[in-house]
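Each chain is listed here by its residues.
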Amino acid sequence: MTPEQEIDLLNRARGGDETAREQLYVNYFSESRQIRSLLAREVRNPSDRDDILHDAYLSLVRSRAEFRGESKLQTFVYRVVQIAILQRHRSARSAREDKMVRLCFEFDGEERQRELAIRDFQFEEVDADATAEKLYTFIPEPLRTAFRLRVSEELSYEEIAALTDTPINTVSTRIFKARALLARMFGAGRNSDSTAGLGPERKEKVGKKDYFARH
Amino acid sequence: MDCQEPSRFETRPQSAISSAEEVRHENLWRLARQEDFAEAASLRAHLVDCAGCRRLFNSFQELGRALRRTGPVVLAVCPSAEELADYRDQKLVPSEASRLSAHLAACPPCREDLDWLERTAEPAAPKVVTLSRRRWLFAGAAAAAVAVVSAPAVRYLRRPAGSPFSDLAETLELDRDVLMEGSNGEQFASILQAAYQDFGRGDYVSADGRAKAVLSEAPSNPGAFYLLAMTQYKRGQYQEAARLMDKAESIRPKSAGRCWAALQMALLTGDTSVIDTECRHLSWHKEYAEKARKIRDAVSQRIASNRIPLSVLA
């Protein structure tokens, strides 16, 4: 493929063209020898490999990062997969850490802008309360108050609704959004809905699920 | 919804929670906090098969732990994996690169991550040499006739493992004088000195971090490029090392120490054009002139006698 064809393929996949998406996934992800070899070397659990591959694929399709054809699309994809593996390694390592809270920011768009404004890289020993306070600062108001009342004060949704004079459904949504935002710092995927990617049937069709079992 | 069985998270009439995804999050959060509720047992069983829910559950567990901890903990606020990759590829703006360098110097987990990115970087695809054997012999003879090694037709494309001249290369060590050469006096001397010590301890990630910090302030500091080239060399990434050495040379050519390093790297990549150039440069420097002459003769002789492993031409 020429660089122009690769740019076109990626743009069509990002635009929702199913044929382009399938071609992108099969040729550049699941059937790529380099990608397979990287996953086989660096990810022990075969079922994790499938998930990482799919995460990386979704990340590429949704990303606004421009591919200008200066390198090969395969190189671009390799980097996306590498980043997806590293994200997974970081989560696994954090889960094993007993004395450390590690916050890794995997945001984009508006969230990233907000996060950049308040973020300062850090590596220091602090009191655990300071860690919780730090986490709360990453949640914008009014989500923060709702989440804080729920977690720190252990109030029910009804009590929070009464206290903040807010409809109960709104309270629920605020808590949901705040928690999802923080969970992303601990490895929850930002690609948590798969509508922009290959749905379960589609995955089956391109053989994603059992790909590594066959190879 | 990133779940294999989304139907299990339906909303209930009169419930405060208005979407299935919110139900899913709420239930997984409660499970992560070890609350007892009606669906807990079946949800726990569901986690075994559903990677999406398992991941969300794990992150909720971590989040819950972080919010409930007591006593002293190390708090690490770290860049994203993508930012680290951008840093590695020198794609960050200088101010961001500088912030990240400072963080890397303090944060061992990030240094490990950066090292992992380096180690698993995409292997360079070997470029195909298209000369046929007959044409190669002709090119070899032509090169011998003019007694130079830089004829474009016989330029070996960079193949670290297959370089026919790698046995001629001497082992390089980071030379402190070369590192400090032309490094704008005292301004960056202390950073480069610290990087020199990192390098000596085998901590190439920290050394890289300091070199990048220097480059973010002084993008044409040859010492910093030399240092980056040397860390790549020590990792066995000879092509990348040679590329960085080339940058150092283009900024301030004719430094004997850097020419020598560039020559050794070129012997490992098999780049005859660079071998020829550096040998010529080194002929003007007493301490290297004789060794450079011998190398050039040996390379010329190999090309002339076609004693190049055929695997290199494949």
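Residues numbered from 1 in each chain as written. Chains lettered and ligands numbered in written order. Predicted model: local features only at pLDDT ≥ 70, side-chain atom pairs only at ≥ 80, totals over all residues.

Caption draft 1: The arrangement of the overall build of chain B in detail. The helix and strand tally for chain B stands at 16 helices and one strand. Partitioning the intrachain contacts of chain B with sequence separation of at least 6 by distance along the chain shows that 61% fall at a separation of at least 24. (Helix = DSSP H or I, 4+ residues; strand = E, 2+ residues; numbered from the N terminus. Contact = placed C-beta atoms within 7 Å.)

Caption draft 2: Focus on the interface of chain A and chain B. Chain A puts 58 residues into the contact, and the matching count from chain B is 44 residues. For the side of chain A that touches chain B, the elements supplying multiple residues, two or more each, are α3 (33-42), α4 (46-62), α5 (73-96), β1 (100-104), β2 (122-127), α7 (128-137) and α10 (168-184) of chain A. Residue classes in the side of chain A that touches chain B are distributed as 26 nonpolar, 16 polar and 16 charged. Alignment of β1 of chain A against strand β1 (residues 72-78) of chain B, held across five bridges, turns out to be parallel. (Nonpolar A, V, L, I, M, F, W, Y, C, P; charged D, E, K, R; others polar. Pairing = 2+ DSSP bridges.)

Caption draft 3: Up close: the sheet that holds β1 of chain B. The strand order β1(A)-β1(B)-β2(A) describes an open sheet built from three strands, whose pairing is mixed. Sheet topology places β1 and β2 of chain A at the edges, where each strand pairs with a single neighbour. Direction aside, the axes of adjacent strands within the sheet are offset by 20 degrees on average. (Axes fitted to C-alpha atoms, helices over the stretch in contact; angles between N-to-C directions.)

Caption draft 4: Helix α3 (residues 51-68) of chain B, seen in detail. With 18 residues, α3 of chain B ought to run about 26 Å at 1.5 Å a step, and its terminal C-alpha atoms sit 26 Å apart, in line with that. For α3 of chain B, the complete set of buried residues consists of Gly52, Cys53, Arg55, Leu56, Phe57, Asn58, Ser59, Phe60, Glu62, Leu63 and Ala66 of chain B. Residues of α3 of chain B that are buried sit in contact with α5, β1, α7 and α10 of chain A together with α1 (20-32) and α2 (40-49) of chain B. (Expected span 1.5 Å × (residues − 1). Buried ≥ 20, exposed ≤ 12 C-beta atoms within 10 Å, placed from the backbone.)

Caption draft 5: Summary view of the nonpolar core. Core analysis: the biggest nonpolar cluster contains 123 residues, and Val81 of chain A together with Leu227, Ala229, Leu263 and Met265 of chain B have the highest contact counts within it. Residues in contact with Leu263 of chain B, not counting those within four places in the same chain, are Ile275, Glu278, Cys279, Leu282, Ala292 and Ile295 of chain B. (Core = buried A, V, L, I, M, F, W, Y, C linked by C-beta atoms within 7 Å.)

Caption draft 6: Summary view of the environment of Arg21 of chain A. All names here are of chain A. Position of Arg21 among the secondary structure elements: in helix α2 (residues 18-30). Look at Arg21 and you get buried, because 22 C-beta atoms sit within 10 Å. Put simply, Arg21 and Leu10 are eleven residues apart on the chain and 8.0 Å apart in space, counted from C-alpha to C-alpha.

Caption draft 7: Spatial organisation of the environment of Ser30 of chain A. Here Ser30 of chain A shows up in helix α2. The spacing of Ser30 of chain A and Leu53 of chain A is 23 residues in sequence and 7.4 Å in space, taken between C-alpha atoms.

Caption draft 8: Region of interest: unusual backbone geometry. The peptide bond linking Glu141 of chain A to Pro142 of chain A adopts the cis configuration, its omega dihedral lying at 5 degrees. Mapped onto the elements of the fold, Pro142 of chain A is located in the loop between α7 and α8 (143-151).

Caption draft 9: Inspection of the packing of helix α14 (residues 272-282) of chain B against helix α15 (residues 286-304) of chain B at higher detail. All names here are of chain B. At a closest axis distance of 8 Å, the pairing of α14 and α15 adopts a crossing angle of 150 degrees. Put simply, α14 runs roughly antiparallel to α15. By crossing handedness, the relation of α14 to α15 is classed as left-handed. Residues Thr272, Ile275, Cys279 and Leu282 of α14 lie in contact with α15, whose contacting residues are Tyr288, Ala289, Ala292, Ile295, Arg296 and Val299. (Parallel < 35°, antiparallel > 145°, perpendicular 65-115°, else oblique. Left-handed = near helix turned anticlockwise from the far one by under 90°.)

Caption draft 10: Representation of the packing of helix α10 (residues 204-217) of chain B against helix α11 (residues 222-234) of chain B within the structure. Residues and elements named next belong to chain B. Two numbers describe how α10 lies on α11: the axes approach to 9 Å, and their chain directions differ by 155 degrees. By the angle class used here, α10 and α11 are roughly antiparallel. Crossing geometry of α10 relative to α11 is assigned as left-handed. Contacts between α10 and α11 involve Tyr204, Ala207, Asp208, Ala211, Val214 and Leu215 from the first element and Ala224, Leu227, Leu228, Thr231 and Lys234 from the second.

Caption draft 11: Spatial organisation of the confidence of the model for chain B. Residues and elements named next belong to chain B. Averaged over all residues, the pLDDT of chain B equals 77, while 80% of them reach at least 70. The secondary structure element of chain B with the lowest average pLDDT is helix α16 (residues 310-313), at 37, and the one with the highest is helix α6 (residues 108-119), at 90. The model gives residues 142-161 a pLDDT under 50, and that stretch makes 49 contacts with residues more than four places away or in other chains. Across the assembled chains, the prediction reports ipTM 0.79 with pTM 0.57. (pLDDT = per-residue confidence, 0-100.)

Caption draft 12: Just the confidence of the model for chain A, in detail. Residues and elements named next belong to chain A. Here chain A averages 79 in pLDDT, while 81% of its residues score no lower than 70. Per-element mean pLDDT across chain A ranges from 39 in helix α12 (residues 211-214) up to 91 in α8. For residues 191-215, every residue scores under 50 in pLDDT, and the model assigns this stretch 41 contacts once sequence neighbours within four places are set aside.

Caption draft 13: Region of interest: the environment of Val81 of chain A. Residue and element names in this part refer to chain A. Counting through the fold element by element, Val81 comes out in helix α5. Separated by 42 residues in the primary sequence, Val81 and Leu39 place their C-alpha atoms 8.6 Å from one another. Discounting chain neighbours no more than four positions away, the residues touching Val81 are Ile35, Leu38, Leu53 and Ala56.

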